[in-house]
2 protein chains.
Amino acid sequence: MEHRIERIKKQLHAQSYKLTPQREATVRVLLEREEDHLSAEDVYLLVKEKAPEIGLATVYRTLELLSELKVVDKINFGDGVSRYDLRKEGAEHFHHHLVCIECGSVEEIVDDLLGDVEKIVENDWGFQVKDHRLTFHGVCKQCQETAVQSKTS
Amino acid sequence: MEHRIERIKKQLHAQSYKLTPQREATVRVLLEREEDHLSAEDVYLLVKEKAPEIGLATVYRTLELLSELKVVDKINFGDGVSRYDLRKEGAEHFHHHLVCIECGSVEEIVDDLLGDVEKIVENDWGFQVKDHRLTFHGVCKQCQETAVQSKTS
DNA sequence: TTCTCTGCAAAACGTTTGCAGGGCG
DNA sequence: CGCCCTGCAAACGTTTTGCAGAGAA
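Residues numbered from 1 in each chain as written. Chains lettered and ligands numbered in written order. Predicted model: local features only at pLDDT ≥ 70, side-chain atom pairs only at ≥ 80, totals over all residues. Heavy atoms only, no water.

Peer 1: For this particular structure, what's the right way to read helix α5 (residues 115–125) of chain A?
Peer 2: Helical geometry note: an α-helix holds 3.6 residues per turn, so side chains three or four residues apart project in the same direction. Residue and element names in this part refer to chain A. Taken as a whole, α5 has its buried residues at Val 117, Val 121 and Trp 125. Seen end-on, α5 carries its buried residues on one side only, within an arc spanning 40°. Away from its buried face by more than 90 degrees, α5 exposes Asp 116, Lys 119 and Asn 123. The first or second residue beyond α5 is Gly 126, which carries a positive phi of 65°. (Buried < 20%, exposed > 50% of the residue type's maximum accessible area, 1.4 Å probe, protein only. Helix = DSSP H or I, 4+ residues; strand = E, 2+ residues; numbered from the N terminus. Arc of directions from axis to C-beta.)

Okay, structure coming up:
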């Protein structure tokens, strides 16, 4: 945890940005809730618990900054809010998401499933891939089981 | 073109919706600019050229309706606007996008590249896939060539 | 000092909604 | 009549911005 903060601090310094207390508090929230795909508002409320004087605009500016530095990925599941996802440490590939249309849960896939697909895109379309976004919408394991149970009961 | 309008008309009727003049004008714009990934505002301005009395809200309501009927796909490239993409006639699989980070152009991939990946997700995660969104961000062929030219000149 | 960063409030943006009226069965 | 649909304007929720001040180098 601490060394990840250190690492981000260095990334900021490398571009002459500072890790201010507000920025650090924001980063800590993202680290603590790494699995949660928080919206800016979510982050704001959590940061406010530790540092009540922080402003929403600062959170937005921090998330924007972290996004530019590729410390976080800004993702969008189509519900009108941007969500912010810490990049896995040292991960070269981006992670994908399984969004359940029943319960709204979001699962992460860390495996890189797109190696072959990227090669096809580069070879057949001459498109140089820098980043990708892949989201599956469907029914998660739990909801499938729940559906079966309610049928048999 | 006309038979595609007919088809959509039938889809609407099947759910007891009407193809009003405003809806038809909207659909025509989508058909004419099929390659263009228009935002609601874009559609509105284009429809207004033919039917100046139309309101923006009607365009939104129509796009929403067409989206529910799966006539169009609502997509989001992360720039804060929803875009609307006519579904290819008879296409069972959804299409993917190549977004150029240099010039902003959007290319479509109609091939279904994700068959194998979906199987992995279903088998390994027990997740029942209903839909997917795949977007690559990178540099398109033209921009790569332009970059090479400006280096050699 | 100079420069970055912050908090607040206001503004901007895309989108949705309430409502009164229109059109058609 | 009843019902669906429309246009307008207002409202909404998210995100951005202007600005004056705080704080560090």
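Peer 1: Explain the sheet that holds strand β3 (residues 82–86) of chain B here, please?
Peer 2: Hydrogen bonds along the backbone pair up the strands of a sheet, which may run parallel or antiparallel. All names here are of chain B. Taken in spatial order, the 3 strands line up as β1-β3-β2 in an open sheet, and their pairing is antiparallel. If you trace the sheet from one side to the other, it starts and ends with β1 (38–39) and β2 (72–76), each paired once. Relative to β3, β2 is paired through 5 bridges, and the arrangement is antiparallel. In the sheet register, Ile 75 faces β3, and the bridge partner there is Arg 83. On the sheet, helix α4 (residues 56–68) packs against β2 and β3 and is oriented at approximately 110° with respect to β2. (Pairing = 2+ DSSP bridges. Contact = heavy atoms within 4.5 Å. Axes fitted to C-alpha atoms, helices over the stretch in contact; angles between N-to-C directions.)

Peer 1: Please clarify how the environment of A:Leu69 should be interpreted in this entry.
Peer 2: Residue and element names in this part refer to chain A. Inspection of the secondary structure assignment puts Leu 69 in the loop between α4 (56–68) and β2 (72–76). Distance from Leu 69 to Gln 11, taken between C-alpha atoms, is 7.5 Å for residues 58 residues apart in sequence. Other than its neighbours up to four places away in sequence, Leu 69 contacts Gln 11, Leu 12 and Gln 15.

Peer 1: I tried to follow the environment of A:Lys130 on my own but got confused; where do I start?
Peer 2: All names here are of chain A. Its place among the elements puts Lys 130 in strand β6 (residues 128–139). Look at Lys 130 and you get partly exposed, because its relative accessible area is 48%. The spacing of Lys 130 and Val 27 is 103 residues in sequence and 25 Å in space, taken between C-alpha atoms.

Peer 1: Any chance you could explain the interface of chain B and chain A here in plain terms?
Peer 2: A common way to express how large an interface is: the accessible area buried when the components associate. Across the contact, 33 residues belong to chain B and 33 residues belong to chain A. Contact between chain B and chain A buries roughly 2,900 Å² in total, counting both sides, with carbon and sulfur atoms accounting for 70%. The largest share of the area that chain B buries against chain A comes from B:Trp125, B:Phe127 and B:Phe136, three residues that together contribute 25% of it. Our count for the contact surface shared by chain B and chain A stands at 0 salt bridges. One can count 10 residue pairs in polar contact (both at pLDDT 80 or more) joining chain B with chain A. Breaking the side of chain B that touches chain A down by element, the ones donating at least two residues are β4 (96–100), β5 (106–109), α5 (115–125), β6 (128–139) and α6 (141–152) of chain B. For the side of chain B that touches chain A, the element with the highest residue contribution is β6(B), accounting for 12 residues. For the side of chain B that touches chain A, the residue count by class is 17 nonpolar, 8 polar and 8 charged. The pairing of β6(A) with β6(B) spans 11 bridges and is classified as antiparallel. Looking at the pairing, A:Val129 lines up with B:Gly138 of β6(B). (Buried area = accessible area lost by both parts, 1.4 Å probe. Salt bridge = Lys/Arg side-chain N within 4 Å of Asp/Glu carboxyl O. Polar contact = N/O pair within 3.5 Å; in protein donor to acceptor, adjacent residues only side chain to side chain. Nonpolar A, V, L, I, M, F, W, Y, C, P; charged D, E, K, R; others polar.)

Any link to function would need more than the numbers given here.
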